[in-house]
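# Coordinates in review
Given next are the chains, with one letter for each unit.
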Amino acid sequence: MPKLLIVDDEEKIREVVKEYALFEGYEVAEAADGMQAIEKVRAEKNGFDCIIMDIMMPRLDGYSACKEIKKICSTPIIMLSARGEEYDKLFGFEVGIDDYVVKPFSPKELMARIKVAIKRVKDPRTDDILRYKGLEINFAAREVLIDGKKVQMTPKEYDILFFLAKNMNIAMSREKLLEEVWGFDFYGDDRTVDTHIKMLRNSLGPYRDLIVTLRGMGYKFDNIKAENQ
């Protein structure tokens with residue numbers, strides 16, 4: 001049975017998320033701040049399958065807690081916040097969160113996001129590699145190398161790149177990317193895709209132009225003479 005860690009200084013928020021999580025069949029542990037969350041992660045022998053964490057908390061905020069937790073394990077983290085500015089989301093993805101949910105949120109939508117986050121970690125990839133010049137995309141290892149050096153990306157950057165690369169030269173609308181990469185009916189602004197594409201291009205550096213913008217449509221991974229092995 002998958003186990004969740006709910007981290008929020010507001011007991012009512014924890015209770016709502018817990019109620020829906022228990023209904024979905026999850027085991028649930030709770031923490032009231034970032035320090036408690038780190039302690040819970042260290043103490044949980046079998047690890048958590050997903051962590052839902054607020055940003056603004058006493059003692060230690062969610063961003064700082066996320067950084068420390070990522071040093072311990074690779075458990076997906078979904079951040080909760082009353083702030084929906086692009087800067088806050090970008091900073092969250094930079095420190096390693098997997099998803100970002102703005103308060104007030106739909107508990108059903110949150111459950112859908114949790115399910116997708118857990119599935120992404122457990123779903124094995126095919127064992128093939130795409131190479132182009134100094135770029136190497138290893139789907140099975142979930143790694144991207146540029147000139148032999150591993151590129152650090154957020155989970156969603158990996159997901160978007162792998163999906164586009166697997167569907168090379170096929171035009172993908174923002175709606176299609178939301179459906180396939182996020183894995184559920186997305187409630188919100190499709191600029192979320194644009195934000196992640198911007199981050200992905202920055203991570204790809206000299207190969208950023210392989211992600212082509214289709215005006216009024218979406219994006220595609222450009223048709224390149226890549227060698228698949």
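Residues numbered from 1 in each chain as written. Predicted model: local features only at pLDDT ≥ 70, side-chain atom pairs only at ≥ 80, totals over all residues. Heavy atoms only, no water.

- Per an unreviewed UniProt entry, the protein chain goes by Stage 0 sporulation protein A homolog and derives from Candidatus Faeciplasma pullistercoris.
- We quote the UniProt Function (unreviewed entry) comment for the protein chain here in full: "May play the central regulatory role in sporulation. It may be an element of the effector pathway responsible for the activation of sporulation genes in response to nutritional stress. Spo0A may act in concert with spo0H (a sigma factor) to control the expression of some genes that are critical to the sporulation process." (UniProt positions renumbered as here; feature names shortened; annotations may be inferred.)

## Describing the sheet that holds strand E1 (residues 3–7)
- Ordered by their spatial adjacency, 5 strands build an open sheet running E2-E1-E3-E4-E5, and the pairing between neighbours is parallel. One side of each edge strand has no neighbouring strand; the edge strands of this open sheet are strand E2 (27–31) and strand E5 (99–102). Within this sheet the neighbouring strands show an average axis-to-axis angle of 20 degrees, counted without direction.
- Strands in contact with helix H1 (residues 11–23) are E1, E2 and strand E4 (77–81); relative to E2, the strand with the most contacts, it is inclined by about 170 degrees. (Pairing = 2+ DSSP bridges. Helix = DSSP H or I, 4+ residues; strand = E, 2+ residues; numbered from the N terminus. Axes fitted to C-alpha atoms, helices over the stretch in contact; angles between N-to-C directions. Contact = heavy atoms within 4.5 Å.)

## Focus: the sheet that holds strand E10 (residues 172–173)
- On the basis of which strands lie adjacent, the open sheet formed by 3 strands has the order E10-E12-E11 and antiparallel pairing. Each having just a single partner strand, E10 and strand E11 (211–214) make up the two edges of the open sheet.
- Here E11 runs beside strand E12 (residues 218–221); their pairing, made up of 4 bridges, is antiparallel. If you follow Val212 over to E12, its bridge partner there is Lys220.
- Along the sheet face, helix H6 (residues 155–166) touches E10, E11 and E12 and points at about 70 degrees away from the line of E12.

## Here we look at the nonpolar core
- Formed by 30 residues in total, the largest nonpolar core has its most connected members in Ile137, Leu161 and Ile211.
- Among the secondary structure elements, those contributing two or more residues to this core are strand E6 (129–132), strand E7 (135–138), strand E8 (143–146), H6, helix H7 (174–182), helix H8 (191–204) and E12.
- Ranked by the residues each element gives to this core, the list is headed by H6, at 7 residues.
- Residues contacting Leu161, with those up to four places away along its chain left out, are Ile137, Val144, Met153, Leu200, Leu204, Ile211 and Phe221.
- The next biggest cluster of nonpolar side chains, apart from the first, holds 25 residues, and it includes Ala31, Tyr63, Ile77 and Phe93. (Core = buried A, V, L, I, M, F, W, Y, C linked by side-chain atoms within 4.5 Å. Buried < 20%, exposed > 50% of the residue type's maximum accessible area, 1.4 Å probe, protein only.)

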